[in-house]
Amino acid sequence: MARTLVQKILEDHVVDGEATPGAEVGLRIDQTLTQDATGTTAFLLFEAIGTPRVKTEASVSYVDHNMAQFGPENHNDHLYLQSVARKVGAYHSRPGNGICHQVHLERFGRPGATLLGSDSHTPTGGGIGMIAIGAGGLDVAVAMGGGAFYTTSPRVIGVELKGKLHPWVSAKDIILKLLSILTTRDNVGCMIEYFGEGVATLPVPARATCTNMGAELGVTSSVFPSDEQTRAFLEAQGRGDQYQPLAADRDALYGPVRKWLHAERDAETIRNFLAHAKGVTVGPETDEGMVEVVFGHIVIDLDALEPMAAGSPSPDNVHTIAELAGKDVRQVLIGSCTNSSYQDLMLVAAALKGKTVHPAVELGIAPGSRQVLTMLGQNGALADLIQAGARIVESGCGPCIGQGFSPAENTISLRTFNRNFAGRSGTKGDMVYLVSPETAVAAALTGRITDPRTLGFDCPRIPMPESFLIDDGMLQPPADEKEAAGIEIIRGSTIVKPPAGEPLSDDLQGKAVIKVEDKITTDHIMPAGALLKYRSNVPEYAKYVFNCFNEEGKPTFADRALAEKEKGVAGVIVAGDSYGQGSSREHAALCPMYLGVKVVIAKAIERIHQANLVNFAILPLTFADPADYDKIDADDELVIHGTSKAIESAETVSVTNKTKNFDFPCNVRLAPRQRTILAAGGLLRYTRNS
Ligand code: MIC
Ligand code: SF4
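The rules behind these values
- Residues numbered from 1 in each chain as written.
- Chains lettered and ligands numbered in written order.
- Predicted model: local features only at pLDDT ≥ 70, side-chain atom pairs only at ≥ 80, totals over all residues.
- Heavy atoms only, no water.
- Axes fitted to C-alpha atoms, helices over the stretch in contact; angles between N-to-C directions.
- Helix = DSSP H or I, 4+ residues; strand = E, 2+ residues; numbered from the N terminus.
- Parallel < 35°, antiparallel > 145°, perpendicular 65-115°, else oblique.
- Left-handed = near helix turned anticlockwise from the far one by under 90°.
- Contact = heavy atoms within 4.5 Å.
- Nonpolar A, V, L, I, M, F, W, Y, C, P; charged D, E, K, R; others polar.
- Near = heavy atom within 4 Å.
- Polar contact = N/O pair within 3.5 Å; in protein donor to acceptor, adjacent residues only side chain to side chain.
- Areas by Shrake-Rupley, 256 points an atom, 1.4 Å probe, with all protein chains shown as cover.
- Salt bridge = Lys/Arg side-chain N within 4 Å of Asp/Glu carboxyl O.
- Buried < 20%, exposed > 50% of the residue type's maximum accessible area, 1.4 Å probe, protein only.
- Pairing = 2+ DSSP bridges.
- Phe/Tyr/Trp six-rings, centres within 6.5 Å; stacked < 30°, edge-to-face > 60°.
- Lys NZ or Arg CZ within 6 Å of the ring centre and 35° of its normal.

Q: I'm lost on the packing of helix 12 (residues 342-352) against helix 15 (residues 437-446) in this one. Help?
A: Each pair of packed helices can be summarised by the angle the axes make with each other and by the distance between the axes. Across the interface, helix 12 lies against helix 15 with an axial gap of 10 Å and an inter-helix angle of 25°. The angle between helix 12 and helix 15 falls in the class roughly parallel. As helix 12 packs across helix 15, the resulting crossing turns out to be right-handed. Residues Asp 344, Leu 347, Val 348, Ala 351 and Leu 352 of helix 12 pack against Pro 437, Glu 438, Val 441 and Leu 445 of helix 15. In terms of residue class, the contact of helix 12 with helix 15 is built from seven nonpolar, no polar and two charged.

Right, here's the structure in full:
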């Protein structure tokens, strides 16, 4: 039978179960990556599991997130990571070497391999033809030790690219278009596979922009075929020997894919489906106003694409630049793992050459890697950027995760990044638009949102270099076993052993410690920015859980949850749709667990967060009838009946709201292995016991 590329790579890596859509499957992981903000916990958990050495083909510890270094915490983390990586047999990419996803693509990614990373944008690797998946640090720690990674075998969404992009339109516009069609909701359990004649026109970094922002769609991964573009990229990186051609079989079938949408609220999305999906049908409207959209695959005509932008507070709030043109812009930031490649920044430098950034705009540029920055330095492009007035930021995540460059109040910031969740920039009420480097540079020159096609000069053509500058001097290789025995792991006082989960007791007496709305991201649950430095110290970081909902002068979420924990009452989080969107940070489960949270009841929970909840022994439940969400308030007393049975085998569980005096059913959507993990009290205990 004809197979998709996803099927081929997955089938090559199955070690448990079958790669049948919807079924749980255990995959062999070839490579792992961690970054410093999730990596300290991942390595501390790796140590707690007790495997002495990593067993993958390559495990790489990157330092790219926490670079601000106010107080000793960040540097303590860096030294810990450097010493532990060397000892246990991992590579260590030192601070300054670049953003994990960019460097991994340059130096490690290879077609046909599997990569698991403790960062939600790990799927960037799909640009080079690998299946790359983001997960919590504990899952990555298990994979580093040679354990399989368990996930739901995906449904594959095919995206056919036709034609060729016009000048000033680029890969970011492709993925923004896709976000306007698929949205951030209801794509859990899917992978995206790109195919079609348009694929061959896109170099690997452009493909990686698309796969990177697949994370925003909520899919498990996205993948491009491996072809002559892949060969050219690998050869230019001095790794031509790792090339292998890979593609779906000619008559591989995609779909049918089903999505439930609201006939009125999602009218625009439904129109987008009708315009861009093959074999699309829209079912009859239910009493709740919902319709089922079924489609075969999505078609994007690159010739017809125009510059796009996603406005706050969500990456799927997509508009064309034509709709937004003319709005004043006060800040432009270019960088992040989405758009900071050599070709991206060369284009920006060429467009700015000999000009000055508009007086009303501050322009910041963070090159994705030391390779990119050095090459710009050597060929003079860096001087063009500096001369134009750009503020050069070190190669790292920087402003993307709220470390600096918070915009002024009530001003528009244009960013080539991937996320614009409310407040992520560090400014309350921020107005962040996600755009391509072409659209960003147009605004930097004009001070307004501007269609770059109207700039009045030709779009610079930047070919892929024949060879990139290859210097792995900042990639510390693993020590061999003999040398490793003599390495002392450096542990500053701010590095605190993370707590382990505990098995849940039966008939849980709980309290709704908070009730939150739809689309709560892990940034809402566990803020990053200036607080990132507490990642290695759970008791300290836990003080900031749901910080954005804390009110001055009132007890914080942490105070209230801890007070219930001390009384022996289980904390219950009540949430709406798409709970836990965004990052892979397991602290969004680990810190609530530390505060006594034992259950989350939501309308829907996103994939990585659901796995993190299970890993830290928090029971994830979904409302059987979403209308019950409206009948619960914060502080209601809730009893979850038959918890052990629910964990063992039940599909539903009954919950009593003692305060409002009614019972309601919840779904227990757990894979068999997740049930065993919960029964054991979390993945750490489970892995140690097995
Ligand atoms: C992000 O983009 O939100 C982060 C910071 O890279 C996170 C990881 C983290 O919280 O450390 C992610 O995407 O997983
Ligand atoms: Fe870093 Fe931003 Fe990419 Fe996250 S999304 S890895 S913070 S650059």
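Q: It is not clear to me how unusual backbone geometry should be interpreted in this structure. Could you clarify?
A: Where the residue is not glycine, phi is negative for most of them; where a peptide bond is considered, it is trans in most cases. A cis amide bond, omega 0°, links Gly 255 with the succeeding residue Pro 256. Summarising the element assignment, Pro 256 is placed in the loop between helix 9 (228-236) and strand 12 (257-262). A cis geometry characterises the amide bond from Ser 312 onward to Pro 313, with omega recorded as 5°. Among the structural elements, Pro 313 can be located in the loop between strand 17 (308-310) and strand 18 (318-320). Non-glycine residue Lys 519 carries a positive phi angle of around 55°. Within the fold, Lys 519 resides in the loop between strand 25 (508-515) and helix 17 (522-525). The phi angle at Phe 546 is positive, at roughly 55°, despite the residue not being glycine. Relative to the helices and strands, Phe 546 is located in the loop between helix 18 (538-541) and helix 19 (557-566).

Q: I'm lost on the site of ligand 2 in this one. Help?
A: The full set of residues close to ligand 2 is His 65, His 101, Asp 119, His 121, Ser 336, Cys 337, Cys 397, Cys 400, Ile 401, Asn 418 and Arg 424. Looking at the shell around ligand 2, its residues break down into four nonpolar, five polar and two charged.

Q: Help me understand the site of ligand 1, please; the structure alone is not making it clear to me.
A: In the region of ligand 1, 14 residues are neighbours, and Asp 119, Ser 120, Arg 535, Ser 584 and Arg 585 sit closest. Between an oxygen atom of ligand 1 and a side-chain N or O atom of Ser 120, the distance comes to 2.6 Å. Between an oxygen atom of ligand 1 and a side-chain N or O atom of Arg 585, the distance comes to 2.6 Å. Coverage of ligand 1 by the protein amounts to 97% of the 340 Å² it exposes when considered alone. Considered class by class, the residues forming the shell around ligand 1 number two nonpolar, seven polar and five charged.

Q: I'm lost on the pattern of salt bridges in this one. Help?
A: Where charged atoms from two side chains of opposite charge come close, those side chains can pair. All chains considered together, the criterion is met by 33 salt bridges. For Arg 185, the salt bridge identified is with Asp 266, shortest N-O distance 3.0 Å. Of the two residues, Arg 185 sits in the loop between helix 6 (171-182) and strand 10 (190-195) while Asp 266 sits in the loop between strand 12 and helix 10 (267-276), which places them 81 residues apart along the sequence. Among the residues examined, Arg 185 registers a relative accessible area of 22% and is labelled partly exposed. Exposure remark for Asp 266: the relative accessible area of 7% places this residue in the buried category. A salt bridge links Glu 651 to Arg 675, with the nearest nitrogen and oxygen atoms 3.9 Å apart. Here the residue Glu 651 occupies a position in the loop between helix 22 (643-648) and strand 30 (652-657), and Arg 675 occupies one in helix 23 (residues 672-680), the gap between them amounting to 24 residues. Overlapping salt bridges bring together Arg 28, Asp 30, Glu 57 and Arg 110 as one network.

Q: Help me understand the packing of helix 7 (residues 204-212) against helix 9, please; the structure alone is not making it clear to me.
A: At a minimum axis separation of 9 Å, helix 7 and helix 9 run at an interaxial angle of 110°. Considering their axes alone, helix 7 and helix 9 lie roughly perpendicular with respect to each other. Residue-level contacts link Val 204, Pro 205 and Arg 207 of helix 7 to Gln 229, Thr 230 and Phe 233 of helix 9. Looking at the contact of helix 7 with helix 9 residue by residue, the class counts come to three nonpolar, two polar and one charged.

Q: Please explain the sheet that holds strand 27 (residues 597-602) as it appears in this structure.
A: By definition, the strands of a sheet pair up through backbone hydrogen bonds, in either a parallel or an antiparallel sense. One closed barrel accounts for seven strands, arranged 25-26-27-28-31-30-29; its pairing is mixed. Each adjacent strand pair in this sheet contributes to an overall mean axis angle of 40°, direction not counted. Across four bridges, strand 25 lies against strand 29 (residues 637-640) in antiparallel orientation. Note on strand 29: the bridge partner recorded for Gln 509 is Val 639. Contacts between helix 19 and the sheet are confined to strand 25 and strand 27, with strand 25 contributing the most and set at about 170° to the helix.

Q: How do you make sense of helix 23 when you look at a structure like this?
A: Along an α-helix, residues three or four positions apart point the same way, because every turn accommodates 3.6 residues. Looking at helix 23, one finds that the buried residues are Arg 673, Gln 674, Arg 675, Ile 677, Leu 678 and Ala 680. Buried residues in helix 23 make contact with strand 2 (24-27), strand 8 (149-152), helix 21 (607-615), strand 28 (619-623), helix 22 and helix 24 (683-689). Downstream of helix 23 by a residue or two, Gly 681 has a phi angle that is positive, lying close to 95°.

Q: Mind showing me how you'd approach the pairing of strand 7 (residues 131-134) here?
A: Within a regular strand, the side chains alternate between the two sheet faces. Residues Ile 131 and Ile 133 of strand 7 are buried on one face, and the alternating residues Ala 132 and Gly 134, pointing to the opposite face, are buried as well. The pairing of strand 6 (residues 114-117) with strand 7 spans four bridges and is classified as parallel. Within strand 7, the position partnered with Leu 115 by the bridge is Ala 132.

Q: What is the right way to read the sheet that holds strand 24 (residues 475-476) from this model?
A: With mixed pairing, the six strands of this open sheet are ordered in space as 7-6-3-4-5-24. Looking along the sheet, the strands with just one partner apiece sit at the ends: strand 7 and strand 24. Sheet topology places strand 3 (residues 31-35) next to strand 6; three bridges connect them, and they run parallel. Bridge pairing in strand 6 places Leu 33 opposite Gly 117. Sheet strands touched by helix 3 (residues 73-88): strand 4 (58-62), strand 5 (91-93) and strand 24. Its angle to strand 5, the strand with the most contacts, is close to 155°. The strands touched by helix 4 (residues 100-107) within the sheet are strand 3, strand 4, strand 5, strand 6 and strand 24, with strand 3 carrying the most contacts at an inclination of about 150°.

Q: Explanation requested: the packing of aromatic side chains in the structure shown.
A: Aromatic rings in a pair are described by how distant their centres are and how their planes are angled relative to each other. This model, assessed by the stated rule, comprises 13 aromatic pairs. Residues Trp 168 and Phe 457 carry aromatic rings whose centres are separated by 5.6 Å and whose planes lie at 75° to one another, so their mutual orientation is edge-to-face. Here Trp 168 is found in the loop between strand 9 (155-162) and helix 6, whereas its partner Phe 457 is found in the loop between helix 15 and strand 24, with 289 residues between them in sequence. Owing to a relative accessible area of 5%, Trp 168 belongs among the buried residues under this scheme. Phe 457 sits in the partly exposed class, given a relative accessible area of 27%. Above the ring of Phe 457, the side-chain terminus of Lys 355 is found at 4.1 Å from the ring centroid. Its guanidinium or amino end placed over the ring of Tyr 629, Lys 603 lies 4.5 Å from that ring's centre, counting from NZ or CZ.

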